[in-house]
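# Residue-level structure breakdown
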Amino acid sequence: MTKRGEKILLPLIAVLLGFILGSLIVIATGRSPAAMFAAMIKGFSGLDIINDVPWNTRYIGEFVINAMPIILTGLAFAFASRTGLFSIGAEGQLMVGSLAATTVALLVQAPRFIHLPLVLLASIAAGALWGAVPGFLKAKFNVHEVTVSIMMNYIALHLNNFVILNIFGSQDRVKTAFFPETALLKSPFLQSITRGSRLNWGFIPVILALIIFSFIINKTTFGYSLRAVGYNKDASRYAGMKVNRNIILSMMIAGAFAGLAGSVITVGTFNFGRAMSAAEGYGFDGIAVALVGGNEASGIFFAGMLFGMLKSAQPLMQSQGIPREIAGIIQASIVLFVAMQYGIKMLLDRFKKKQAVSADGERA
Amino acid sequence: MMVGAFSAATVTVLLEDSTALAPWLGLAAGLVAGIVFSLLHAVASVNMNADQTISGTALNILAGGLTVYLCQIIFRQQRTRSFSNGIQKVTVPLLEKIPVLGRMLFIENYPTFFLAIFLVFFTWILVYKTPFGLRLRSCGEHPQAAASMGINVAWMRYFGVMASGALAGLAGGIMVLTADIQYTLVSIHGTGFIALASLVFGKWNPFGVLGAGLFFGFSTALSFYAKDITFLASLPGEFFYALPYVLTIVALVVFAGKSVGPKAAGQIYDSGRR
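Residues numbered from 1 in each chain as written. Chains lettered and ligands numbered in written order. Predicted model: local features only at pLDDT ≥ 70, side-chain atom pairs only at ≥ 80, totals over all residues.

On to the overall build of chain A, then. Secondary structure assignment for chain A yields 15 helices and zero strands. Computed over C-alpha atoms, the radius of gyration of chain A comes to 22 Å, within 12% of the 21 Å expected from 2.2 N^0.38 for 364 residues, which places it in the range of a compact globule. When the backbone C-alpha atoms are referred to their principal axes, chain A occupies close to 85 × 65 × 35 Å. Here chain A holds 364 residues, and the buried ones make up 53% of them. Here the analysis covers contacts within chain A between residues at least 6 apart in sequence; of these, 77% occur between residues at least 24 apart. (Helix = DSSP H or I, 4+ residues; strand = E, 2+ residues; numbered from the N terminus. Rg over C-alpha atoms; globule rule 2.2 N^0.38 Å. Buried ≥ 20, exposed ≤ 12 C-beta atoms within 10 Å, placed from the backbone. Contact = placed C-beta atoms within 7 Å.)

What follows covers the overall build of chain B. Per the secondary structure count, chain B includes twelve helices and zero strands. If you list the helices and strands of chain B from N to C, you get α-α-α-α-α-α-α-α-α-α-α-α. Looking at chain B as a whole, 37% of its 274 residues are labelled buried. Long-range contacts, defined as pairs at least 24 residues apart, comprise 65% of the intrachain contacts of chain B with a sequence gap of at least 6.

The subject of this paragraph is the confidence of the model for chain A. In this model, chain A carries an average pLDDT of 86, and 97% of its residues clear a pLDDT of 70 or more. Ranking the elements of chain A by mean pLDDT puts helix α15 (residues 341-363) of chain A last, at 74, and helix α4 (residues 90-107) of chain A first, at 93. (pLDDT = per-residue confidence, 0-100.)

Looking now at the domain arrangement of chain B. Residues and elements named next belong to chain B. Domain parsing of chain B yields domain 1 (2-189) and domain 2 (190-259). Here the C-alpha centre of domain 2 lies 21 Å away from the C-alpha centre of domain 1. Opposite the seven residues of domain 1 that make contact, domain 2 presents six residues. At the level of elements, α5 (111-129) and α8 (153-179) are the ones that each hand at least two residues to the side of domain 1 that touches domain 2. (Domains from an automatic or database assignment.)

Residue and element names in this part refer to chain A. For Asn142, which is not glycine, the phi torsion reads 55° and is therefore positive. On the secondary structure map, Asn142 appears in the loop between α5 (112-141) and α6 (145-167). You will see that Asn295, though not glycine, has its phi angle at about 55°, which is positive. Take Asn295: it is sitting in the loop between α12 (282-292) and α13 (297-319).

The next thing to look at is the environment of A:Ser312. All names here are of chain A. Along the polypeptide, Ser312 turns up in helix α13. On the neighbour-count criterion, Ser312 (24 C-beta atoms within 10 Å) is buried. Spatially, the C-alpha atoms of Ser312 and Ile65 are 9.1 Å apart, while their sequence positions differ by 247 residues. The residues touching Ser312, leaving out its near neighbours within four places in the chain, are Gly43, Phe44, Tyr59, Glu62, Phe63 and Asn66.

Residue and element names in this part refer to chain B. In a regular helix each residue adds 1.5 Å, so 14 residues correspond to 20 Å; helix α1 (residues 2-15) covers 20 Å between its end C-alpha atoms and thus fits that length. Counted residue by residue, α1 has twelve buried out of 14 residues, so it is predominantly covered. Where α1 is concerned, the buried positions are Met2, Val3, Gly4, Ala5, Phe6, Ser7, Ala8, Ala9, Thr10, Val11, Thr12 and Val13. Against the buried residues of α1 lie α2 (22-47), α3 (52-75) and α8. (Expected span 1.5 Å × (residues − 1).)

Before going further, it helps to examine the nonpolar core. Most often, soluble globular proteins have nonpolar side chains that are buried together. Residues A:Leu72, A:Leu75, A:Phe257 and A:Val335 are the most contacted members of the largest nonpolar core, which totals 171 residues. For this core, the domains that each give at least three residues are domain 1 (2-189) and domain 2 (190-259) of chain B. (Core = buried A, V, L, I, M, F, W, Y, C linked by C-beta atoms within 7 Å.)

The next point concerns the packing of α5(A) against helix α11 (residues 243-269) of chain A. Residue and element names in this part refer to chain A. Running from N to C, α5 and α11 point in directions that differ by 145°, and their axes come no closer than 6 Å. α5 and α11 meet at a crossing whose hand is right-handed. For the contact of α5 with α11, the class distribution of residues is 19 nonpolar, ten polar and one charged. (Axes fitted to C-alpha atoms, helices over the stretch in contact; angles between N-to-C directions. Left-handed = near helix turned anticlockwise from the far one by under 90°. Nonpolar A, V, L, I, M, F, W, Y, C, P; charged D, E, K, R; others polar.)

Residue and element names in this part refer to chain A. Counted at 1.5 Å a residue, the expected span for helix α2 (residues 33-45) with its 13 residues is 18 Å, and the 18 Å between its end C-alpha atoms agrees. Taken together, the buried positions of α2 are occupied by Met36, Ala38, Ala39, Met40, Lys42, Gly43 and Phe44. Residues of α2 that are buried in the fold lie against α1 (3-28), α3 (58-82), α13 and α14 (326-339). One or two steps after α2, the chain reaches Gly46, where phi turns positive at roughly 80°.

Contacts between the two partners involve 38 residues from chain A and, on the opposite side, 37 residues from chain B. Listing elements by their share of the side of chain A that touches chain B, those giving two or more residues are α5, α6, α12, α14 and α15 of chain A. It is α6(A) that contributes the most residues to the side of chain A that touches chain B, twelve residues altogether. Considering only residue class, the side of chain A that touches chain B consists of 26 nonpolar, eleven polar and one charged.

What follows concerns the confidence of the model for chain B. Confidence in the prediction of chain B, expressed as mean pLDDT, is 80, and 89% of residues score 70 or more. For this predicted complex, the interface score ipTM comes out at 0.79, while the overall pTM is 0.85.

Here we take up the environment of A:Pro188. Along the polypeptide, A:Pro188 turns up in helix α7 (residues 188-193). Spatially, the C-alpha atoms of A:Pro188 and A:Ala275 are 27 Å apart, while their sequence positions differ by 87 residues.

Moving on, we get to the environment of A:Val15. All names here are of chain A. With respect to the helices and strands, the residue Val15 is situated in helix α1. What makes Val15 partly exposed here is the crowd of 19 C-beta atoms within 10 Å. Linking Val15 and Ala110, residues 95 residues apart in sequence, is a C-alpha distance of 46 Å. With residues near it in sequence (within four places) discarded, Val15 still touches Val292, Leu306 and Ile334.

A separate point is the packing of α14(A) against α3(B). Direction vectors running N to C along α14(A) and α3(B) enclose 160°, while the axes themselves pass 8 Å from each other. In terms of orientation, α14(A) lies roughly antiparallel with respect to α3(B). Considering the relative orientation of α14(A) and α3(B), their crossing is left-handed. Here A:Ile326, A:Gly328, A:Ile329, A:Gln331, A:Ala332, A:Ser333, A:Val335, A:Leu336 and A:Ala339 of α14(A) come into contact with α3(B), specifically with B:Ile54, B:Ser55, B:Ala58, B:Ile61, B:Leu62, B:Gly64, B:Gly65, B:Leu66 and B:Tyr69. (Parallel < 35°, antiparallel > 145°, perpendicular 65-115°, else oblique.)

Here it is as structure tokens:
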């Protein structure tokens, strides 16, 4: 099999195994897998295959807004990954991005064509800054980026809550005041074609991010040197590349993608800043998206859609009596199977060899 | 830890009415559940050559999903039912009479504290003072050399993963049965990752880890008592919630260069490599 073919086939096998395992768990706990798959189909298409109800385009809108942030956090993880870094920091970067978006949305007054770009840029800058910390510590002190980025997630959570609760003074301990219309990605047109879903212009920055990711990684000298550092640090250093600078820059750009996800959620899906009791899992979703998508823009797009579909099916499954957490279980098992892909490949190869041998035997 | 905590809480809740030993049976359940769950990691990384960081991350996501899923199946809500009694504090006779130390450690303390201290000594003896420990460490330093001396590397790695699963499952059980009233998705809130930092901070030595653990415990406890200390009370609560994590990063930066982990940690064992 060609390398390209394998790169598509192995994740697909992992996805399939993940769904099979999920169905088995559903059966083992006495629930109906058919209801689960019906919920999934309704979750992304709005078509109800069990009950006779009219097509509801609202679900499509909600499906797209579920996929948008995790595509961005997926890009964040993948970008760092290409430089050989394992960053779990997207969650925190997203949160400071969201905080920066909230700050600019509430404090700046300007017409929409200035205000909205400012909000997006602020979130990108905040995410990049948050990503720079583990990058800098890795480059300068060789501290492992996994631990630091996880710590930064918790610090971001508490920083966010501190600012939202104490500086913007929320009334109900959860939300800030509503943002002015000029700061929002909201679109009455998109809402009207999806029967009042929360669909918004956020998909435009997401598509731009996908293109920029692919361009930097594949088409620029800078992207090449980032990948070189990912393959072999020492060789790149020997070839005269600035390894430490690349590590910091890579983490910053990764942070920028995740920061953007923060504003896409905050001024797109919502229109107020929020204090949170715990992280919402967009960071971990992003890791899953990037791993399944093979750290490439096109793969991340499809994987983001897949997991966005699982997310939007969650409330539907819950209403069918299937605990919503099954989506997380399926997602985690898909990642686990993707991690095992070398093992799966070995099994496939062995299976093929056996077939070849038996075919030879028949001929003889 | 999440799987251990969930199992411990569930067993405690379900057996509470029938036996007074329920919390202890809960702890045992947490330990066993930790081992079983860690087997997934062992299969993935030892047999299927999975990247250990990725498979570990996947298991962390899986633990969150699976435990709450089972809560919904068993208790019809996103957490376990709350138990009325966790592990009770005890006063150790005789030892309580020791001045200062007696009051600090042996009056009204959780017995699990002594268990943890015992395990530190036990681990140290097992890893550094027995032939088995030497073999275990050799597989972490240079598995190919270990294999050439007739050590079964795969089995050793299985043992290592299962032992760590047992300890983490026990830890989750202890955490939920002493500091919580039920298991929820946020019961464990990143303690496993702080443990990872303690390992680096404690230079991969059981006693170093004990010291690092006490240090992080102190910084967490500080957030509870800060409001009673005048000069700290004016700082916002969020500052103290974030403190353990900030301190972890500081500790990592200070101790990073000097920490010496096993050379082959995190690597896939390839018997053909030199």
